[in-house]
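# Architecture and fold: a report
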Amino acid sequence: MRWVICAAFMFALAPSAFADDLDVLRGSQTVGPATFTRWTGFYAGGHYDYSSGNADFSKATQPLLAYSLRNLQLESVAQPSQWQVLSGNNAAHTSGFGGFAGYNTQWQDLIIGVEADYTHAPFSAVAINTPIGRVVPVGSSLYSVNITGSGSLDVTDFGSLRARVGYVFGTFLPYGFAGFALGRGSYSVSSEISGQQSSATPPALPCVVSTTCVDYDFANATAKSSTLLYGFAVGGGFDMAITQNIFVRAEYEFMQFAPFANITATISSARVGAGFKF
């Protein structure tokens, strides 16, 4: 009889005991929501910058020479304005400082925002001049052509307004960006073309100036100070939260400006900085 009573007692307790075990298997215990580092809202900070600026002067003398030779058959036939006198790319390195400010929106681990940055990092690029001397036939004449030139570019400030997308990994926020670039600088370009035109029969150079031998010499230049440069900016980096409101960052940015005076300029920047989230 005892075993019957014990069996009945165990049977009465079994549903609740087993139910507790099965509840665990069914996942009925509550699990807290996923949490992510807060990046949403306004932020601002400062950075240290190391930049490499490149200026392409290879086509800078073309419009100046074309204007100087516009009335000569020499240009229409031989096109000396297209001859490259100045070097292609000339790099300059500099360091500077600046700041940034922006606003983030956050969808759990996805960050989308907008940011503006400014950097003061003056640098100068000077073109390498490679004078050209040639003799070319044009119709029944013979021309000696000597071309020389100079070019320089000084950039003082640059910055960008960019859209930013990032993804949260713990306290890290890796991100990429693209946007509009602005810069401020000054440039100057000069050219000089000279030589002789011989129309003797047969033409010969060098020759003595006469009715069949003419000397020519044309110089031209263009310059502008505090001109506005504009183009595009792309890059990426990461922010790392130190506290709830303080973060540090490292990033790389590439800028390319639209051609001005037939000069094409680019800036590559590496930066480290720190910021505050409001």
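Criteria and thresholds
Residues numbered from 1 in each chain as written. Predicted model: local features only at pLDDT ≥ 70, side-chain atom pairs only at ≥ 80, totals over all residues. Heavy atoms only, no water. Core = buried A, V, L, I, M, F, W, Y, C linked by side-chain atoms within 4.5 Å. Buried < 20%, exposed > 50% of the residue type's maximum accessible area, 1.4 Å probe, protein only. Helix = DSSP H or I, 4+ residues; strand = E, 2+ residues; numbered from the N terminus. Contact = heavy atoms within 4.5 Å. Polar contact = N/O pair within 3.5 Å; in protein donor to acceptor, adjacent residues only side chain to side chain. Salt bridge = Lys/Arg side-chain N within 4 Å of Asp/Glu carboxyl O. Disulfide = S-S within 2.5 Å. Phe/Tyr/Trp six-rings, centres within 6.5 Å; stacked < 30°, edge-to-face > 60°. pLDDT = per-residue confidence, 0-100.

## Points about the nonpolar core
- Ranked by size, the top nonpolar core spans 37 residues in total, and within it Phe57, Leu74, Val145, Leu153, Phe257 and Ile263 carry the most contacts.
- For this core, the element with the most residues is strand β5 (residues 141–167), which contributes 6 residues.
- Residues within four places of Phe57 in sequence aside, it is in contact with Leu86, Ser87, Gly88, Ala125, Val126, Ala127, Gly151, Ser152, Leu153 and Ile263.
- Membership of the second largest hydrophobic core comes to 8 residues, among which are Trp39, Tyr43, Ile111 and Leu173.

## A few points about the environment of Asp215
- Following the sequence through the fold, Asp215 ends up in strand β7 (residues 213–241).
- Placed 18 residues apart in sequence, Asp215 and Gln197 show a C-alpha to C-alpha distance of 6.4 Å.
- Among the polar contacts made by the side chain of Asp215, one reaches the side chain of Gln196 at a distance of 3.0 Å.

## Overview of unusual backbone geometry
- Going from Thr201 to Pro202, the amide bond is cis rather than trans, its omega being -5°.
- Looking at where Pro202 falls in the secondary structure, it is placed in the loop between β6 (172–198) and β7.
- The omega angle of the peptide bond from Leu205 to Pro206 is -5°, so this bond is cis rather than trans.
- Take Pro206: it is sitting in the loop between β6 and β7.
- Within the chain, Gln108 stands out as a residue other than glycine whose phi angle is a positive 55°.
- Turning to its location among the elements, Gln108 is positioned in the loop between β2 (89–107) and β3 (110–126).
- Judged by relative accessible area, which is 57%, Gln108 ranks as exposed.

## Some remarks on the pattern of salt bridges
- Summed over all chains, the structure comprises 14 salt bridges.
- The shortest N-O distance in the salt bridge between Arg162 and Glu115 comes to 2.6 Å. Pair noted here: Arg162 is in strand β5 and Glu115 is in strand β3, with a separation of 47 residues, a long-range link. Comparing Arg162 with Glu115 shows no difference in burial state: the two are buried.

## Examining the state of the cysteines
- Going through the model one piece at a time under the given rule, you end up with 1 disulfide.
- Bridging Cys207 to Cys213, the disulfide has an S-S length of 1.8 Å. The sign of the 65° torsion about the S-S bond sets the Cys207-Cys213 disulfide as right-handed. We note that Cys207, like Cys213, is buried.

## Things to note about the side chain of Ser269
- The residue Ser269 is located in strand β9 (residues 264–277) in this model.
- A relative accessible area of 2% places Ser269 in the buried class.
- A distance of 3.4 Å separates the side chain of Ser269 from the side chain of Asp49, its partner in a polar contact.

## Thoughts on the packing of aromatic side chains
- In total, this model carries 13 aromatic pairs according to the counting rule given.
- Aromatic pair Tyr43 and Phe100: ring centres 6.3 Å apart, planes at 50°, arrangement tilted. Of this pair, Tyr43 sits in strand β1 (residues 41–56) while Phe100 sits in strand β2; the two residues are 57 residues apart in sequence, bridging distant segments of the chain. The same class applies to Tyr43 and to Phe100, which are both buried.

## Some details on the confidence of the model for the protein
- Chain-level pLDDT for the protein is 88 on average; 87% of the residues reach the 70-or-more range.
- The secondary structure element of the protein with the lowest average pLDDT is helix α1 (residues 2–26), at 43, and the one with the highest is strand β8 (residues 246–257), at 98.

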